[in-house]
Amino acid sequence: MQFLSYPQIRKQLDEGQLTCLELVKNHLAVIERKSNLNAFLSIYGDKAIEQAKLIDEKIKNRKAGKLAGLVVGIKDLLCYKDHPLQGASKILNGFISQFNATAIQRLLDEDAIIIGRQNCDEFGMGSSNENSAFGPVLNDLDNSRVSGGSSGGSAVAVQAGMCQVSLGTDTGGSVRQPAAFCGLIGLKPTYSRISRYGLAAYASSFDCIGIFAHYIEDVALVLEVIAGADAMDSTVSRLPVPAYSNELPSANKKYKIACFNDSIESNSLQPEIKAALAGTIEKLKQQGHVVESIDFPLNEYVLPTYYILATAEASSNLSRYDGVRYGYRSPQANDLSSLYKKTRSEGFGKEVQRRILLGTFVLSASYYDAYYTQAQKVRRMIRNKMKEIFSLYDFILMPTSPTTAFKLGEHSSDPVEMYLADLFSVQANVAGIPAISIPCGKDKNGLPIGLQLLADDFEECKLLGFSKAILGMN
Ligand code: GLN
């Protein structure tokens, strides 16, 4: 299928060759036709149609916002007022958002249209979307394969043309890895670039809203609308937000790029991914960029640091789901303690329970210093080392994931195997820096390969510009 970019669609809308109503109806038809992919948990058809009609009027009157008619899907971790939110978990059965997440509010203020709530791994915990209480999401290219995770529904929805753009969340790769598995662009901006207000927390010091799209222009435009200071989240940066969509650097700019030997030469890397990256590196060199292989001395600590800290934060964040005030409550409970135990044992899936246990363990009095404090120190060392690298290089280039989309069920029996799938993506979250995955060829089964670029804090402009140049080159 050939997809248009938002600027192309907008031109047609402004010239009267297309209406928002037609757009929404087209997307709704695809959602219905491809419902077997299980990408959406709720579809807001009537509301989207109502909004489309209003925005068509605004377009006629030349009063429409920056994103008029942009059809967006949102991961089931983002609050959309008066609509259900449940993190693909049984524990939030029946919960309705009472306010809009800041990112959602900013999309609506610019006349984007929200078409539905998308399936994901429960509370964002997973790498294949097989940990959803509502069943896995299937990859549209091969229905026997996973979509990637945790924002699998958001990726497949864009891949299959069910919406133009999706908002996902990326705590350890959940936007970039499914983007790679589905042949899309997936951006995780700098931590603190986008407000987390209204994003249901998994691991607050890592959580970041991210964007899926087919085109860099669309990512840039959505980022400039949703990023920036927010009175509701004191961790958001006050740095001004560039007009990303107008300020992308020229494709002719020459850069200095580092590659980690441990990633591009890794034994766990699928050979076709290695070859695709090597091919791109060769082309970059031919075009006058400097690409150097370097060692990242803390490599073996990155994944354990992520899984210690993310589970610790999860065990604390998820303690609020107790069946008392909202969501699922076990009908079997007969006193307060059995209410907690039964509600949480029945309401949370296996993986979420495993993470809560792991996190509670690393925070327990006897192990706190050995695990949690130690991991915090290592996290700082990793970030410092990354900053040192960015004082010498513009970008780090690596694979997004060690493999292309794997088969459903292939890794789901062994959690450690699944955690290893996050080897390359967690680094950016541990360091808090921006990273993007872009399509870079296909493997022998025709499955997309993802190339990942990491940049220094707040260098999204450079990151998007260079990604566009690489996409143009391939
Ligand atoms: N796969 C990673 C995890 O399970 C990342 C998830 C995410 O980014 N939300 O923790």
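In this text, all values refer to a predicted model and were calculated from it rather than measured experimentally.

Now for a nonpolar patch on the surface. On the surface, a cluster of nonpolar side chains totalling about 260 Å² of accessible area is made up of Val324, Leu336 and Tyr340. Here Leu336 lies in helix H12 (residues 336-347). Using a relative accessible area of 52% as the deciding quantity, one classes Leu336 as exposed.

Around the ligand, a shell composed of 15 residues is seen, among which Thr171, Gly172, Ser174, Tyr202 and Tyr306 lie nearest. Between the ligand and the protein, one listed contact pairs an oxygen atom with a side-chain N or O atom of Tyr307 at 3.4 Å. Here the ligand has 290 Å² of accessible area as a free molecule, and 99% of this is covered by the chains. Spatially, the ligand is embedded in the largest cavity. Residue composition of the shell around the ligand, grouped by class: four nonpolar, eight polar and three charged.

With the rule as written, the count across this model stands at three cavities of 30 Å³ or more. Within this model, the largest cavity holds a volume of roughly 100 Å³. If you go around the largest cavity, you meet 17 residues; those closest to its centre are Gly126, Ser127, Gly172, Ser174 and Asp422. Here the lining of the largest cavity is composed, by residue class, of four nonpolar, 11 polar and two charged.

Next up on the list: helix H14 (residues 368-390). End to end, H14 covers 32 Å across 23 residues, agreeing with the expected 33 Å (1.5 Å per residue, within 8%). In H14, a bend of some 25° at Gln374 exceeds every other bend along the element. Within the span of H14, buried status applies to Tyr372, Ala375, Val378, Arg379, Ile382, Met386, Ile389 and Phe390.

Okay, the nonpolar core next. Counting residues in hydrophobic clusters, the biggest one holds 147 residues, and the most contacted among them are Leu167, Ile226 and Met386. The element that contributes the greatest number of residues to this core is helix H11 (residues 299-317), accounting for nine residues. Ignoring anything within four residues of it in the chain, the contact list for Ile226 reads Ala103, Arg106, Leu107, Leu167, Ile194, Ile209 and Ile211. Judged by nonpolar contacts, the second largest core, of six residues, contains Val146, Ala180, Ala405 and Met418.

Right, let's get into H11. Look at H11: 28 Å from first C-alpha to last across 19 residues, which is about the 27 Å you get at 1.5 Å a residue. Among the 19 residues that make up H11, 14 are buried, leaving the element largely enclosed by the rest of the structure.

Quick look at unusual backbone geometry now. At the junction of Gly149 and Ser150, the peptide bond is cis and its omega measures out at 10° in the coordinates. Residue position: Ser150 is located in the loop between strand E5 (142-146) and helix H5 (152-159). In this model, Ala88 sits at a positive phi of 50°, which is unusual for a non-glycine residue. Its identity as a non-glycine residue notwithstanding, Phe458 has a phi of 60°, on the positive side. When its relative accessible area of 28% is taken as the criterion, Phe458 is described as partly exposed.

The rules behind each value
- Residues numbered from 1 in each chain as written.
- Predicted model: local features only at pLDDT ≥ 70, side-chain atom pairs only at ≥ 80, totals over all residues.
- Heavy atoms only, no water.
- Patch = residues over 30% accessible without salt bridge, like charges linked within 9 Å, V, L, I, M, F, W, Y side chains within 5 Å.
- Areas by Shrake-Rupley, 256 points an atom, 1.4 Å probe, with all protein chains shown as cover.
- Salt bridge = Lys/Arg side-chain N within 4 Å of Asp/Glu carboxyl O.
- Helix = DSSP H or I, 4+ residues; strand = E, 2+ residues; numbered from the N terminus.
- Buried < 20%, exposed > 50% of the residue type's maximum accessible area, 1.4 Å probe, protein only.
- Near = heavy atom within 4 Å.
- Polar contact = N/O pair within 3.5 Å; in protein donor to acceptor, adjacent residues only side chain to side chain.
- 1 Å grid on protein atoms, 1.4 Å probe; cavity = no way out; pocket = protein on both sides within 12 Å on 5 of 7 lines; lining within 4 Å.
- Sits in = over half its atoms within 2 Å of the grid points.
- Nonpolar A, V, L, I, M, F, W, Y, C, P; charged D, E, K, R; others polar.
- Points joined across faces, edges and corners; volume = space filled by probe spheres on them.
- Expected span 1.5 Å × (residues − 1).
- Bend = angle between axes of the 7 residues up to and from the residue.
- Core = buried A, V, L, I, M, F, W, Y, C linked by side-chain atoms within 4.5 Å.
- Contact = heavy atoms within 4.5 Å.

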